[in-house]
Amino acid sequence: MMVRHQLKSRGIRDTRLLEAMGNVPRHVFVPREYVDQAYADGPLPIGGGQTISQPFMVAWMTELLTLTGQEKILEVGTGSGYQAAILSLLADRIFSIERSRELAAQARERLRWLGYGNVEVIEGDGSQGYPEGAPYDGIIVTAGAPDIPRPLLEQLAEVGRLVIPVGGSGMQMLVLAQRRGDEFPTRELGSCAFVPLLGRYGWSGRGDGRSRGGRL
Ligand code: SAH
């Protein structure tokens with residue numbers, strides 16, 4: 001149902017991705033009170049003002065990484081762990097970083113329980129990336145950033161891809177950046193709405209809300 005009506009109908013074509021979306025039990029990643037809406041066509045609250053993304057958004061962003069199974073991936077914003085579970089079926093190794101201790105612990109537990117053994121959940125500020133695992137073939141940011149954090153570009157492997165929502169705190173543009181040596185050509189792909197990326201290279205939550213790229 002979800003795969004056919006929400007994903008195929010909107011142009012998601014990657015068969016491995018469609019299969020993964022059909023296999024990961026999304027209801028395990030939503031709070032008990034929303035289990036009946038787990039496969040509905042929208043985001044859902046996961047506590048602390050955070051959300052699990054709409055299934056189509058997860059599929060769209062994942063497809064942009066053009067995964068073949070060999071890749072090492074960084075996800076910024078683990079949240080429920082759902083996106084990480086999808087990635088775990090499509091790439092070799094996943095690092096997922098989450099600033100909320102509680103969400104990180106819950107997601108780690110849930111992913112272990114479901115047997116997604118190639119995902120490592122780290123608690124920390126993912127706006128600075130996770131240098132310990134770099135370079136990454138793909139980086140996916142599931143929170144809205146004021147600008148593309150420089151450390152994320154620097155942690156990309158050659159021809160590595162970064163998918164990130166960039167823009168204001170309400171709506172953002174989904175941006176795809178790709179490494180070509182020291183160049184990072186970018187493409188704007190369409191609008192989206194994510195909760196804010198906080199942290200050093202995200203929204204500071206002070207003053208005009210814009211961080212100073214770590215210079216504060
Ligand atoms: N991908 C998630 C949804 C993410 S919601 C899923 O599949 O469920 C965005 C998440 O980003 C929230 O959990 C929020 O706590 C986290 N976040 C915000 N700023 C962050 C930062 N600087 N580093 C790591 N995580 C961050």
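Structure shown above.
Report follows, based on the coordinates. (Residues numbered from 1 in each chain as written. Predicted model: local features only at pLDDT ≥ 70, side-chain atom pairs only at ≥ 80, totals over all residues. Heavy atoms only, no water.)

What follows covers the layout of surface pockets. In this structure, the largest pocket encloses a volume near 410 Å³. Breaking the lining of the largest pocket down by element, the ones donating at least two residues are β2 (50-52), β3 (72-76), α4 (82-90) and β4 (93-98). For the lining of the largest pocket, the leading source of residues is β2, giving 3 residues. Of the residues assigned to the lining of the largest pocket, the class counts are 12 nonpolar, 14 polar and 4 charged. For the second largest pocket, the calculated volume is near 160 Å³. Lining the second largest pocket are Pro43, Thr51, Ser53, Gln54, Met57, Cys192, Ala193, Phe194 and Val195. Taken together, the residues of the lining of the second largest pocket sort by class into 6 nonpolar, 3 polar and no charged. (1 Å grid on protein atoms, 1.4 Å probe; cavity = no way out; pocket = protein on both sides within 12 Å on 5 of 7 lines; lining within 4 Å. Points joined across faces, edges and corners; volume = space filled by probe spheres on them. Helix = DSSP H or I, 4+ residues; strand = E, 2+ residues; numbered from the N terminus. Nonpolar A, V, L, I, M, F, W, Y, C, P; charged D, E, K, R; others polar.)

Attention now moves to helix α5 (residues 101-114). Its 14 residues place the ends of α5 20 Å apart at the C-alpha level, agreeing with the 20 Å of an ideal helix rising 1.5 Å per residue. For α5, the full list of buried residues reads Leu103, Ala104, Ala107, Arg110 and Leu111. Looking straight down α5, one finds that the buried residues subtend no more than 135° of arc, so they occupy a single side. Away from the buried face of α5 by more than 90 degrees, exposed residues Arg101, Glu102, Arg112 and Trp113 are located. In this structure, the buried residues of α5 make contact with β1 (44-47), β2, α4, β4 and β5 (119-123). A positive phi of about 90° marks Gly115, the residue just after α5. (Expected span 1.5 Å × (residues − 1). Buried < 20%, exposed > 50% of the residue type's maximum accessible area, 1.4 Å probe, protein only. Arc of directions from axis to C-beta. Contact = heavy atoms within 4.5 Å.)

For the rest of this paragraph, the subject is the pairing of β5. Direction of pairing for β4 relative to β5: parallel, over a ladder of 5 bridges. Pairing of Ile97 across the sheet is with Ile122, part of β5. (Pairing = 2+ DSSP bridges.)

Following the criterion strictly, the structure yields 4 aromatic pairs and no others. Their ring planes at 70° and their centres at 5.7 Å tell us that Phe29 and Tyr82 sit as a pair that is edge-to-face. Within this pair, whereas Phe29 is found in the loop between α2 (15-23) and β1, its partner Tyr82 is found in helix α4, the two being separated by 53 residues in sequence. A single burial state applies to Phe29 and to Tyr82, both of which are buried. Ring geometry for Phe95 against Tyr130: centres 5.7 Å apart, planes inclined by 45°, an arrangement best described as tilted. One end of the pair, Phe95, is in strand β4; the other, Tyr130, is in the loop between β5 and β6 (136-141), and 35 residues separate them in sequence. (Phe/Tyr/Trp six-rings, centres within 6.5 Å; stacked < 30°, edge-to-face > 60°.)

As a further point, take the pattern of salt bridges. Applying the stated rule across the entire model yields 5 salt bridges. Here Glu109 ties to Arg112 by a salt bridge, and the two come within 3.5 Å at their closest N and O atoms. Taken as a pair, Glu109 and Arg112 lie in helix α5 at a separation of 3 residues, close to a single helical turn. Judged by its relative accessible area of 44%, Glu109 is partly exposed. One salt bridge in this structure joins Arg150 and Glu154, with 3.5 Å as the shortest N-O distance. With a gap of 4 residues between them, Arg150 and Glu154 both fall in helix α6 (residues 150-154), about one helical turn apart. You can call Arg150 partly exposed: its relative accessible area is 44%. (Salt bridge = Lys/Arg side-chain N within 4 Å of Asp/Glu carboxyl O.)

So, about the site of the ligand. Of all residues adjacent to the ligand, which total 24 residues, the nearest are Ser80, Glu98, Asp125, Gly126 and Leu198. Side-chain polar atom of Glu98 to an oxygen atom of the ligand: 2.6 Å apart, as the coordinates give it. In the model, a nitrogen atom of the ligand is placed 3.0 Å from a nitrogen or oxygen of the Thr142 side chain. Contact with the protein chains hides 98% of the accessible area of the ligand, taken as 590 Å² for the molecule alone. Counting atoms within 2 Å of the grid points, the majority share of the ligand lands in the largest pocket. Of all the secondary-structure elements, those providing two or more residues to the shell around the ligand are β2, α4 and β4. Ranked by the residues each element gives to the shell around the ligand, the list is headed by β2, at 3 residues. By residue class, the composition of the shell around the ligand is 8 nonpolar, 12 polar and 4 charged. (Near = heavy atom within 4 Å. Polar contact = N/O pair within 3.5 Å; in protein donor to acceptor, adjacent residues only side chain to side chain. Areas by Shrake-Rupley, 256 points an atom, 1.4 Å probe, with all protein chains shown as cover. Sits in = over half its atoms within 2 Å of the grid points.)

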